[in-house]
Amino acid sequence: MTTTTPHSLAIAAKGLRKAYGDKTVLDGIDLAVPAGTVFSLLGPNGAGKTTAVKILSTLITADAGELHVGGHDLATDPQAVRAAIGVTGQFSAVDGLITGEENMLLMADLHLLPRSEGRRTAAELLERFDLVDAAQKPVSTYSGGMKRRLDIAMTLVGGPRIIFLDEPTTGLDPRSRHNMWGIIRELVSGGVTVFLTTQYLEEADELADRIAVLSDGRIAAEGSAEELKRLVPGGHVRLRFADPAAYRSAAVALREVTPLAPGLARAGGTPIDEALSLQIPSDGSQRELRSILDWLDSAGIEADELTVHTPDLDDVFFALTGTADVPDQLRKAVR
Ligand SMILES: Nc1ncnc2c1ncn2[C@@H]1O[C@H](COP(=O)(O)OP(=O)(O)OP(=O)(O)O)[C@@H](O)[C@H]1O
Ligand SMILES: [Mg+2]
């Protein structure tokens, strides 16, 4: 990555900083997004994802940082950046009083498309986003998911090469979400760069070439989904109990356990009270599972449900953004 210049990247940020009053939101972050890839920014509520999107899409200014989007310097040439990008904000920007089609045509006008081309583009996008039947109805009558789809359709009107999507599928049902993923993949295969924030780790896993986890104003880790998953020892066996008494005695037994099994010895299980569940760290190997099952038998513990959990992005997310003790080596970025 050291050999790539800001100009050969679709999005490049160096030392991006932003504070509101004395609250530092982005504390000098670096980003490098090659053209034609999907980059996903993850982080808990309030981490600064929307702030990053707003800065990179020229809606607000940064306090510091060298920022280039589409090869243009955000500080000196925001107009050129604006011409190269499309933005779908976290909260809907559609006008509820007019129809879906009118919203689309308004966007076409804003992009100065000739009337016939504007109509053609609007019709194509309404079709692609499954909004043909609703096109003549006022947007105030749309469901949340329909508004979201219209929002994104409007983003695509000018044929932008770089798209910022701030939580594009929040509130969409599973089918609409999968459709959206299909559309994002199509865009990327056509060379479009997508900068995506999401609360759905599954979404980042599905779509993103690279993922960065934002925490406390910094990038806590960055890499492909696979690289990030390798950072956390998130594998465990989960035992669920229907009976609170059985749960309690299992929790006590787990806490008292001596190094009987490698998995049990490592952490002694973590009680999760509300769900009446216990977690036993495990790599999921046959050997560890056998020793865990043997121990459960000998301790007379019968769980109502036993599931084996291999690390996923959720584990990465909790390990890096939670309050849990995370070893320093987990916090360092994979670059
Ligand atoms: N205009 C503003 N004035 C003051 N503080 C702000 C402003 N906009 C955002 N913040 C603060 O900056 C922090 C980051 O907010 P931001 O909206 O970027 O988070 P986010 O990661 O997008 O969160 P979410 O997942 O909830 O959308 C929050 O603490 C928020 O309160
Ligand atoms: Mg946000």
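Residues numbered from 1 in each chain as written. Chains lettered and ligands numbered in written order. Predicted model: local features only at pLDDT ≥ 70, side-chain atom pairs only at ≥ 80, totals over all residues.

Undergrad: Please provide a residue-by-residue account of the sheet that holds strand β2 (residues 23-34), values included.
TA: Within a sheet, neighbouring strands are paired by backbone hydrogen bonds and run either parallel or antiparallel to one another. Here four strands make up an open sheet; going across it, the order is β2-β1-β4-β5 and the pairing antiparallel. Strands at the two margins of the open sheet, each flanked by one partner only, are β2 and β5 (72-73). Its contacts with the sheet place helix α1 (residues 49-56) against β1 (9-20), β2 and β4 (64-69), and it is angled at close to 120 degrees to β1. (Pairing = 2+ DSSP bridges. Helix = DSSP H or I, 4+ residues; strand = E, 2+ residues; numbered from the N terminus. Contact = placed C-beta atoms within 7 Å. Axes fitted to C-alpha atoms, helices over the stretch in contact; angles between N-to-C directions.)

Undergrad: I'd like a rundown of the sheet that holds strand β3 (residues 38-42), residues and numbers included.
TA: Strands sit in the order β6-β7-β8-β3-β9-β10 across an open sheet of six strands; the sheet is mixed. Among the strands making up the open sheet, the edge pair consists of β6 (85-88) and β10 (218-223). Taking each pair of neighbouring strands and ignoring which way they run, the sheet shows an average axis angle of 15 degrees. Two strands pair when backbone bridges link them, and β6 and strand β7 (residues 162-166) are joined in this way by four bridges, in the parallel orientation. The residue of β7 that forms the bridge with Val 87 is Phe 164. Lying on the sheet, α1 is in contact with β3, β7, β8 (193-197) and β9 (210-215); it crosses β7 at an angle near 155 degrees. Against the sheet, helix α12 (residues 313-321) makes contact with β3, β9 and β10, and its axis sits at roughly 30 degrees relative to β9, the strand it touches most.

Undergrad: Got a sec to walk through helix α11 (residues 286-298)? Specific residues and values, please.
TA: Taking 1.5 Å of rise per residue, 13 residues should cover 18 Å, and α11 covers 18 Å from first to last C-alpha, within 8% of that figure. Those residues of α11 that fall on the buried side of the exposure criterion are Glu 288, Ile 292 and Leu 296. Angularly, the buried residues of α11 cover 70 degrees about the axis, an arc narrow enough to put them on a single face. Seen from the buried face of α11, the exposed residues on the opposite side, beyond 90 degrees, are Gln 286, Arg 287, Arg 290, Asp 294, Asp 297 and Ser 298. Within two residues after α11, Gly 300 carries a phi angle of roughly 70 degrees, on the positive side. (Expected span 1.5 Å × (residues − 1). Buried ≥ 20, exposed ≤ 12 C-beta atoms within 10 Å, placed from the backbone. Arc of directions from axis to C-beta.)

Geometric values such as these leave the question of function open.
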